[in-house]
Amino acid sequence: MAAPASSRPRPVQHAIVGAGLSGLLLAAALRESRPHESLTVLDPHPPGASPLTFAFWTAASTPLDDWAIDHFDAIRLVGHDGREHRVALDGWRSTAVAWADAAGALLRRLRADPGVDVRTSRVTSVIDGPEAASLVTDSGVVQARWVYDSRPPTATELASDFSRRNAAGAIALSQVFRGAWVRTSNDVLDASAATLLDFSGPPEADLGFSYVLPVSARRAMVMAVRMGRSPPAPDPTPAIHRLLGDASWSVEAEESGETALVDRRPTRRLGRHVLGIGRRGGRVRPSTGYAVPRVLDDTDAIVSSLQRHGHPFAVPPDPPWQRRLDTIWLRALARERAALEPSFLSLFTHTGIDSVLRFLDGRARGRDVVAVVSALPPTPFLRAAVAVPARQSRAH
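Residues numbered from 1 in each chain as written. Predicted model: local features only at pLDDT ≥ 70, side-chain atom pairs only at ≥ 80, totals over all residues. Heavy atoms only, no water.

## Concerning the overall build of the chain
- Scanning the chain from terminus to terminus reveals 11 helices and 17 strands.
- Within the chain, the proportion of its 396 residues that are buried is 52%.
- Taking the contacts inside the chain whose residues are at least 6 apart along the sequence as the reference set, 73% of them involve residues at least 24 apart.
- Element-wise, carbon and sulfur atoms account for 52% of the exposed surface of the chain, whose accessible area totals about 18,000 Å². (Helix = DSSP H or I, 4+ residues; strand = E, 2+ residues; numbered from the N terminus. Buried < 20%, exposed > 50% of the residue type's maximum accessible area, 1.4 Å probe, protein only. Contact = heavy atoms within 4.5 Å. Areas by Shrake-Rupley, 256 points an atom, 1.4 Å probe, with all protein chains shown as cover.)

Right under this line is the structure:
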C-alpha cells in the first residue's frame with residue numbers, strides 16, 4: 001500500500017547528479033542565487049586529491065579564479081619546423097586552475113551548508129514523474145523537482161545514437177593526454193607566455209602536440225596530447241627535453257586523462273524535470289574538447305532560466321552552423337590529420353584573437369565564423385564538408 005501523501009518525503013528542490021566541474025559549479029551558483037531552496041548532490045566518487053589542471057581563456061573573472069595557479073597574457077605556437085609564433089591575448093587571459101584544490105574547497109562549502117545534502121551515492125536511474133523526478137541510487141530513492149544530470153553518456157547510449165545516425169556517418173574520436181609538473185634547479189623557463197600548441201615533435205600516425213604552462217622560471221606543466229580514433233597514451237618526456245634542453249629536472253606530479261570527441265546531438269531536456277549538463281548536456285565541444293568556458297556559460301544560463309521562467313530549461317542551444325562545423329572538423333581530423341597542423345597555426349596567425357577564442361569555445365558570432373573559416377586552408381575542410389550529408393547537421 002502506498003504511503004499517504006502527507007507522510008511521503010518532500011522532494012528537494014534541486015538534485016545534481018555528479019560532483020565534477022559542471023555539477024560543483026552549478027551547486028555553488030544555486031546556493032548563491034537560491035539559498036533558501038534545498039539541494040542534494042550525488043556522486044559515488046567525489047573528486048579526490050589527484051592533480052588535475054584546467055587551462056582555459058577568458059576576458060572576465062570566473063568563479064574558479066580563487067584556485068588559479070597562474071594567468072598568461074600571451075601564448076606561443078610552435079610549428080613542426082620549430083618556428084615559434086607568439087600571440088598577445090589582447091584583453092583575454094589564459095588561466096590555469098588547480099581543479100583538485102577547487103573541487104575540494106567547493107565540496108567543503110557544500111557539506112558545511114545546512115541546506116545541502118552531499119551523498120556518496122551512485123545514481124542508477126532517473127525516473128521522471130508528473131510533479132518531480134525520482135533518482136534511484138544504491139542507498140535509496142531521492143525525489144527532486146529539478147534534476148541536473150552530468151553523467152557521461154553510456155556506451156549503450158552512444159551505440160544507439162550512432163546506430164540511428166550511421167547513414168549520416170557519425171564520427172567518434174578520442175583526445176588522450178598525459179603530462180607532468182616538472183621542476184628545474186635553474187631559471188630556464190620563460191613564464192611570460194603559455195605554449196598552447198607545439199607541433200615540433202616527431203611525426204605521429206595521430207595528430208599530436210604538446211602544451212606548456214610555465215608558472216615560474218623553474219616550474220611548468222608539460223602535457224602531451226594525441227587525437228585520433230584510438231590513440232595510445234602519449235609520452236611527455238620528449239617534450240620536456242625539448243623545453244629544458246640539458247637542464248636537470250624532476251617530476252613533482254603527473255596528470256593524465258581522455259576526452260571523447262563525439263559527433264552527437266545531445267538532448268538537453270531529458271524529461272519534465274530533468275536537464276542534461278556537462279558531458280551529458282553536450283558542454284564539451286566535440287571538435288576541440290574545450291569545456292570550461294561552455295560550462296561556466298551554461299551555469300549562468302541555468303540560473304537565469306530559473307530566475308526568469310521558474311524552470312531550468314531556457315538555455316540557448318548550440319547554433320546549427322556550430323554543429324555542422326564540429327562535424328566537418330572531426331571528419332577532417334579523422335581523415336586529414338597531416339593537413340591540420342597548418343590549420344591550427346593559421347587560426348592564430350591569420351585571425352584576430354577575439355574571433356579565434358570565441359570560435360574555439362563555441363561563443364562565436366557571425367563575423368567570427370567568417371574570419372576563422374577564411375583563415376583556414378580550404379582543401380581538407382572542403383573535402384570533409386562534401387562528405388557530410390546535410391541531414392547530419394540537422395540530426396538531433
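## Concerning the pattern of salt bridges
- This model, assessed by the stated rule, comprises 19 salt bridges.
- Across the pair Asp 187 and Arg 218 runs a salt bridge whose closest N-O atoms are separated by 2.6 Å. Of this pair, Asp 187 sits in the loop between β12 (172-184) and β13 (194-198) while Arg 218 is found in the loop between β14 (207-214) and β15 (219-228), placing the two residues 31 residues apart along the sequence.
- Here Asp 187 falls in the exposed class, since its relative accessible area comes to 55%.
- Since its relative accessible area comes to 36%, Arg 218 is described here as partly exposed.
- With its nearest N and O atoms 2.6 Å apart, the salt bridge here joins Glu 252 to Arg 219. Note that Glu 252 is positioned in strand β16 (residues 249-262) and Arg 219 in strand β15, a separation of 33 residues in sequence. (Salt bridge = Lys/Arg side-chain N within 4 Å of Asp/Glu carboxyl O.)

## Quick word on the pairing of strand β7 (residues 93-98)
- Burial runs high along β7: five of the six residues are buried.
- Relative to β7, strand β3 (residues 53-58) is paired through six bridges, and the arrangement is antiparallel. Of the residues in β7, the one forming a bridge with Trp 57 is Ser 94.
- Strand direction decides the pairing type here: strand β4 (residues 68-72) and β7, joined by four bridges, are antiparallel. Of the residues in β7, the one forming a bridge with Phe 72 is Ser 94. (Pairing = 2+ DSSP bridges.)

## A few points about the packing of helix α1 (residues 21-33) against helix α2 (residues 99-112)
- Put simply, α1 and α2 touch, their axes get as near as 10 Å, and they point 40 degrees apart. One way to sum up the angle between α1 and α2 is to call them oblique. Seen along the crossing, α1 lies across α2 with a hand that is left-handed. Residues Leu 21, Leu 24, Ala 27, Ala 28 and Arg 31 of α1 form the contact with α2, whose own contacting residues are Trp 99, Ala 103, Leu 106, Leu 107 and Leu 110.
- The residue makeup of the contact of α1 with α2, split by class, is nine nonpolar, no polar and one charged. (Axes fitted to C-alpha atoms, helices over the stretch in contact; angles between N-to-C directions. Parallel < 35°, antiparallel > 145°, perpendicular 65-115°, else oblique. Left-handed = near helix turned anticlockwise from the far one by under 90°. Nonpolar A, V, L, I, M, F, W, Y, C, P; charged D, E, K, R; others polar.)

## Thoughts on the packing of aromatic side chains
- Under the definition given, this model contains six aromatic pairs.
- With a centroid separation of 6.1 Å and 35 degrees between ring planes, the pair formed by Phe 199 and Phe 344 is classed as tilted. In this pair, Phe 199 sits in the loop between β13 and β14 while Phe 344 sits in helix α7 (residues 337-349), placing the two residues 145 residues apart along the sequence.
- The buried category is assigned to Phe 344, whose relative accessible area is 11%.
- Both rings, one in Trp 329 and one in Phe 344, keep their centres 5.4 Å apart while their planes meet at 80 degrees; by these two values the pair is edge-to-face. (Phe/Tyr/Trp six-rings, centres within 6.5 Å; stacked < 30°, edge-to-face > 60°.)

## Section: the side chain of Ser 22
- In this structure, Ser 22 sits in helix α1.
- Apart from the residues lying within four places of it in its own chain, the contact partners of Ser 22 are Ser 150, Ile 277, Gly 278 and Val 295.

## Focus on the sheet that holds β7
- One open sheet accounts for three strands, arranged β3-β7-β4; its pairing is antiparallel. Looking at which strands have only one partner, the edges of the open sheet turn out to be β3 and β4. Across the sheet, the axes of successive neighbouring strands diverge by a mean angle of 20 degrees, strand direction being ignored.
- Sheet strands in contact with α2 are β3 and β7, and its direction is about 65 degrees off that of β7.

Structural measurements only, silent on function.
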